[in-house]
Amino acid sequence: MPLVSDAFIDGRWVPGAARFVVRDPFDDAQVAEVTDCGEAEVDAAIDAAARAFGAWRQKPALERGKLLAQLAAAMLRDERRLAELCTRENGKALKEAVAEVRYAASFFDWFAGEAGRAYGETIPGSRPDQRIVVTREPVGPCALITPWNFPYAMLARKLGAALAAGCTTVAKPAELTPLGALAIAQLAEQVGVPPGVINVVPTTNARRCGAQLLASPAIRKLSFTGSTAVGRELLRTAADDIKRVSLELGGNAPFVVLADADLDEAVAGAMVAKFRNGGQSCVAANRFIVERAIADAFVARLLPQVQALVVGRGLDAGTDLGPLVDDRSVAKVRRLVEDARAKGATLLHDAPIRGRLVGPVVLGGVTPAMDLWREEIFGPVIAIRTAADEADALAQANDTEYGLVAYVFTRDGARQQRLAERLESGMVGVNTGLVSTAQAPFGGIKHSGFGREGSRHGLDDYTHLKYVSTR
Ligand code: ADP
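Residues numbered from 1 in each chain as written. Predicted model: local features only at pLDDT ≥ 70, side-chain atom pairs only at ≥ 80, totals over all residues. Heavy atoms only, no water.

Draft legend 1. Representation of the overall build of the protein chain in the model. Counting secondary structure elements, the protein chain contains 14 helices and 24 strands. For 471 residues, the compact-globule estimate of 2.2 N^0.38 gives 23 Å, and the protein chain sits close to it at 23 Å. Within the protein chain, the proportion of its 471 residues that are buried is 58%. Long-range contacts, defined as pairs at least 24 residues apart, comprise 73% of the intrachain contacts of the protein chain with a sequence gap of at least 6. Of the roughly 18100 Å² of accessible surface on the protein chain, 52% is carried by carbon and sulfur atoms. Computed over 55 positive and 56 negative side-chain charges, the separation of the two mean positions in the protein chain equals 4 Å. (Helix = DSSP H or I, 4+ residues; strand = E, 2+ residues; numbered from the N terminus. Rg over C-alpha atoms; globule rule 2.2 N^0.38 Å. Buried < 20%, exposed > 50% of the residue type's maximum accessible area, 1.4 Å probe, protein only. Contact = heavy atoms within 4.5 Å. Areas by Shrake-Rupley, 256 points an atom, 1.4 Å probe, with all protein chains shown as cover. Lys, Arg positive; Asp, Glu negative; His and termini not counted. Charge placed at Lys NZ, Arg CZ, Asp CG, Glu CD.)

What follows is the structure in structure tokens.
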């Protein structure tokens, strides 16, 4: 299939008056020149989503589900091309891009099934002649704003649920990586998703586009994945029109290793939880909290695996860590590591930074005074702090305003249960470094946001309950 770079509005590819260049983070090569949507295009997309809503919600849920299943299959058929495109716009290692395409497709597949299971209920009435019926209705046209770290998956999680529920959509992908969303729209068009149901409006003016989407009374819901700062601002603005909002925001995941843990499992979990997508993930382990008794043994087993990571061009076979997405990300990692070292952290492993290629770093002796203990690193840096015991580890883990995911490694069943219950996060990985999967509810608490993506609960964010009392 040809590379598409025009905005997708009302089933048409719209070149627009202005364009912007998408570059490969590895070498700045031009990947595409994309429509830079202004107010007119965003308005047209909102109108299209509003017009398409009536027919789309009326379409039998099983037929909407069938289209989602076809979209999933189309993605998987085109996996190689989609993965390469993702690596080119985002920089990630090709094997990670392949994994992302499969992960994204799994959400379309999952919601293909959930579409037909949007059950309502009947409730016993209080009089013999009262019938209480509850149905689930689509909330309406939705705005979907997504980040650059998983260009397919972050959109698929929202789009799958929205379409299954009967909502239409206006998607605003990140400026750095708009091509993934356009590629999904292209496949959706190919499998026969009707015009207006999916609109994609790339833009260099995210703020204006966001404001426009939130100001429009036609848009009934915003689903946003991105930074806590932007999410907070959008939530405030959404209040004006009392719009529904789901927010998947930043994380500061603790990765707790207790003294009785299987250290090989813990190290394997750490490698996934930290280095997936080069650490550029909201569920990346940010703070390693290791019980003092086994801290040296953990580090001794970890270092050889870290040292074996291959840093390079994402498209090259064998690359584990591609470049970080932009110079700002590189500068942030550099700043956080320098701050930690200045405040006394020990460098256990270092790698030179070449352009945007940032090798893995392991720091010991980390303290809460260091910026990387409070901020999301979003890069391949392992920051290790020791804990005296389980209670200390738990207190350290919960000492953050974020609450997306927490990881804990212990062989003791009672400890597993205790910690899973007491860790303040929307998700907990026990003896695993990977929790994301389409059939489970992904989402956070506290400053990590609210709303759940995936699972049977994923539909809730895109539906409201209607209660009908009949006499
Ligand atoms: P990140 O730090 O991951 O880039 P952002 O929160 O800046 O996170 O971006 C996530 C998404 O939100 C992107 O699509 C971006 O363009 C968009 N965005 C950024 N600022 C705004 C804003 N003020 N209004 C609406 N969308 C925004």
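Draft legend 2. Representation of the nonpolar core in the model. Formed by 64 residues in total, the largest nonpolar core has its most connected members in M75, F108, Y152 and I198. Here the element with the most residues in this core is helix α4 (residues 94–115); it accounts for 12 residues. The residues contacting Y152, other than those within four sequence positions of it, are M75, L82, L85, C86, E100, V101, A104, G180, A183 and I184. Formed by 35 residues, the second largest nonpolar core is a distinct cluster that contains L263, V267, C282 and V299. (Core = buried A, V, L, I, M, F, W, Y, C linked by side-chain atoms within 4.5 Å.)

Draft legend 3. Spotlight on the site of the ligand. In the vicinity of the ligand there are 16 residues, among which T146, W148, K172, F224 and S227 approach most closely. Contact distances for the ligand include 2.7 Å between an oxygen atom and a backbone N or O atom of T146. The contact in question runs from an oxygen atom of the ligand to an N or O atom on the side chain of W148, over 3.1 Å. Protein chains bury 81% of the 550 Å² of accessible surface belonging to the ligand in isolation. Every element with two or more residues in the shell around the ligand is listed here: α7 (206–215), β10 (221–225) and α8 (228–239). Of the residues that constitute the shell around the ligand, the class distribution is 8 nonpolar, 5 polar and 3 charged. (Near = heavy atom within 4 Å. Polar contact = N/O pair within 3.5 Å; in protein donor to acceptor, adjacent residues only side chain to side chain. Nonpolar A, V, L, I, M, F, W, Y, C, P; charged D, E, K, R; others polar.)

Any functional reading would require information that these geometric values do not contain.
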